[in-house]
Amino acid sequence: MLRNIVKLNIQFGIFIILILFTLPFLSCENKAPEQSIDEKLGFDPKMFEQYLKDALTFNSWIKEENISIESLDTLKSIYAAKHFQAFLINTLESKPTIDSIIEILGEAELHGLNPERYNFSVIKNLFESSFNDKLKPEQRNKQLAQSEVLLIDALLKYSSDMRHGVLNPRILYEKTHFLPVNDSLNTKYLDPVNQTNILAYLKNIQPKSIIYKNLQHALLKFKQIESIEWKQIPLTDKKIEIGQSSENIPDIFKKLVVLGLLDTAMYKTDDPLVYDSVLSNSVKVFQRINGLISDGVIGKGTLERFNITPKQYVEKIKLNLERLRWSDYSDTARYILVNIPDFNVTIVEKQKPLFEIKACTGRKNNWQTVTLYGQLSYFVLNPTWSVPKSIIKEEIVNGLRSDSSYLKKRNFRVYKAGERISLDGLTAKDLASSNSYTLIQDPGAGNALGKIKFMFTNPFGIYLHDTPTRAPFGYVNRAVSHGCVRIEKPMKLAEYLLSNNSNWNLDFLKIEIGQKVDDPAAKNEFARVRDSLRKGNSYGVTTEVKLTKKIPLFINYYTTWVDEDGLFNYRDDVYSRDAILLENLKPAMSK
């Protein structure tokens, strides 16, 4: 009997095993294959292609939606060449990619641009509603086709904006902007439709410079506080100095706190109307980052800066983000930057400033310094100055009119029709009435170019140079030159340029231009090699010092940026170029 029980148990176990083994096959046979999202929602490639063709051919839907498609003709051409097959929406499985593209378009605000420039809301609503399971296949495919058209149009425009800006500065500033423009002919306009990985492409075209990214952070910061009430402080010629009282001190205190320039935990006062040393230190920082004289004395100029609202800062940042899209230095390891509104020359290595030198640039009206690029390749010691005809007419004539010995005192030579003429008897009327005179100022203490000028390639005869006129370097607005760039410390720049870059050294330079050098060995060595150094590079006392390696030099125009200390800097629009840019960029700017 025990044997029979065991036998029954074995048979029962085999039966159970067979059932368990058979069940999966039975269930598989009964279960229908899972539908794809295209099948579930009725995405039909042929129907989609027809609607895509209709969307490009019949434009009534564009007018109904009150949208603009700038590249419509281009889209018609590229889709016709592709037989109206999609670039993006080949299947509804592409939804995550499309959602990411739409999100990137929505983040245009991070660049100071309005997402609606790319029909962001229309695309988002149209595409999202296409996945409503209550839609009929015809309507769904029609909406998806329209979404495809709008997305490609948006990508073409967005890509162009990111790569080289919304506006063409060569057109906007026809007479003053001569910097290279990224892909100025827009040869890469169709790049977005030729990508195998569109998201990687969109990531790659984002502006990469640290200057740009820092300004983006500043934009977010000021956007957060732009709705704060910003009380206007009455302007007065009366200055506020440490120890004095003023009813404006509480408002100044509040603004410094909001701007992040004053720690309330560190500030204690018995009288909120008294201007003390702690507050003065914060004011000095505020003055410095606004390009003012950082003395802590609150005058009219400082009050004017305090009255600039966060909303105005936001606007300025957007303008300068556009400028940075025009010219990106992120791939330039080492360069010299002259920023006109800052009146400074900055040496930059690996996107970080090494040092700055004060500069004077061209006057506002007819003598504006243009923005340009060149390669600094040599500098000239003890330079002569060939006076431009315009300066002869505007200044030299007036100088000679008030002082008949004006030319002699300043070591000028005068030529007429190539022949040198005597200065005796030469009058202001003679110079004013003829363009046949050439004036050259010999090297010396009073030479307008000082002891050294730095030469770089450009078609305008612009250079950096020393100057005997030192007072303007103490001004806030240093737009005082005839277009060239005067620098306060030319020997500092020369020393940097000579490092591992020439047979000359700083001591040799000083000796050559008549400055004192105490090292006898340096004097002896220069005496020994002077002739060989000057051979083929000198005329009279003037000598050219050629550099082994050229260095890129950019003259540009930025009115806002973030410095190495993370502080937002603001400068006056010295040539009113911001005003021109704002007028033209405003339709594309974020609100």
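Conventions adopted
Residues numbered from 1 in each chain as written. Predicted model: local features only at pLDDT ≥ 70, side-chain atom pairs only at ≥ 80, totals over all residues. Heavy atoms only, no water. Core = buried A, V, L, I, M, F, W, Y, C linked by side-chain atoms within 4.5 Å. Buried < 20%, exposed > 50% of the residue type's maximum accessible area, 1.4 Å probe, protein only. Helix = DSSP H or I, 4+ residues; strand = E, 2+ residues; numbered from the N terminus. Contact = heavy atoms within 4.5 Å. Pairing = 2+ DSSP bridges. Axes fitted to C-alpha atoms, helices over the stretch in contact; angles between N-to-C directions. pLDDT = per-residue confidence, 0-100.

Asks: Hey, could you run me through the nonpolar core in this one?
Replies: Note on soluble globular proteins: their nonpolar side chains tend to be buried together. Core analysis: the biggest nonpolar cluster contains 59 residues, and Leu75, Leu88, Ile89, Ile101, Ile152 and Leu202 have the highest contact counts within it. The greatest single-element share of this core, amounting to eleven residues, is contributed by helix 8 (residues 137–164). Residues within four places of leucine 75 in sequence aside, it is in contact with Leu56, Ile69, Val149, Ile152, Asp153 and Leu156.

Asks: Any chance you could explain the sheet that holds strand 8 (residues 419–421) here in plain terms?
Replies: Backbone hydrogen bonds hold the strands of a sheet together, and the pairing may be parallel or antiparallel. The sheet built from four strands is open, its strands ordered 6-9-7-8 with antiparallel pairing. Unpaired on one side and paired on the other, strand 6 (385–386) and strand 8 mark the two borders of the sheet. As defined by bridge partners, strand 6 adjoins strand 9 (residues 437–441) across two bridges and the pair is classed as antiparallel. Note on strand 9: the bridge partner recorded for serine 386 is isoleucine 440. Each of strand 6, strand 7 (412–416) and strand 9 touches helix 16 (residues 389–402); the most contacted strand, strand 9, lies at about 80° to it.

Asks: Sorry if this is basic, but what is going on with the confidence of the model for the protein chain here?
Replies: As a general rule, the predicted coordinates of low-pLDDT regions are not to be interpreted in detail. Residues with a pLDDT of 70 or more make up 94% of the protein chain, whose mean pLDDT is 92. Every residue in residues 14–23 scores below 50 in pLDDT, and together they form zero contacts with partners more than four places removed in sequence or on other chains.

Asks: I would appreciate a short explanation of the pairing of strand 9 in the present structure.
Replies: A regular strand places its side chains on the two faces of the sheet in alternate fashion. With respect to burial, strand 9 is a largely interior element, four of its five residues being buried. Bridge count between strand 7 and strand 9: five bridges; the pairing is antiparallel. Residue pairing for strand 9: tyrosine 415 is matched across the bridge by threonine 438.

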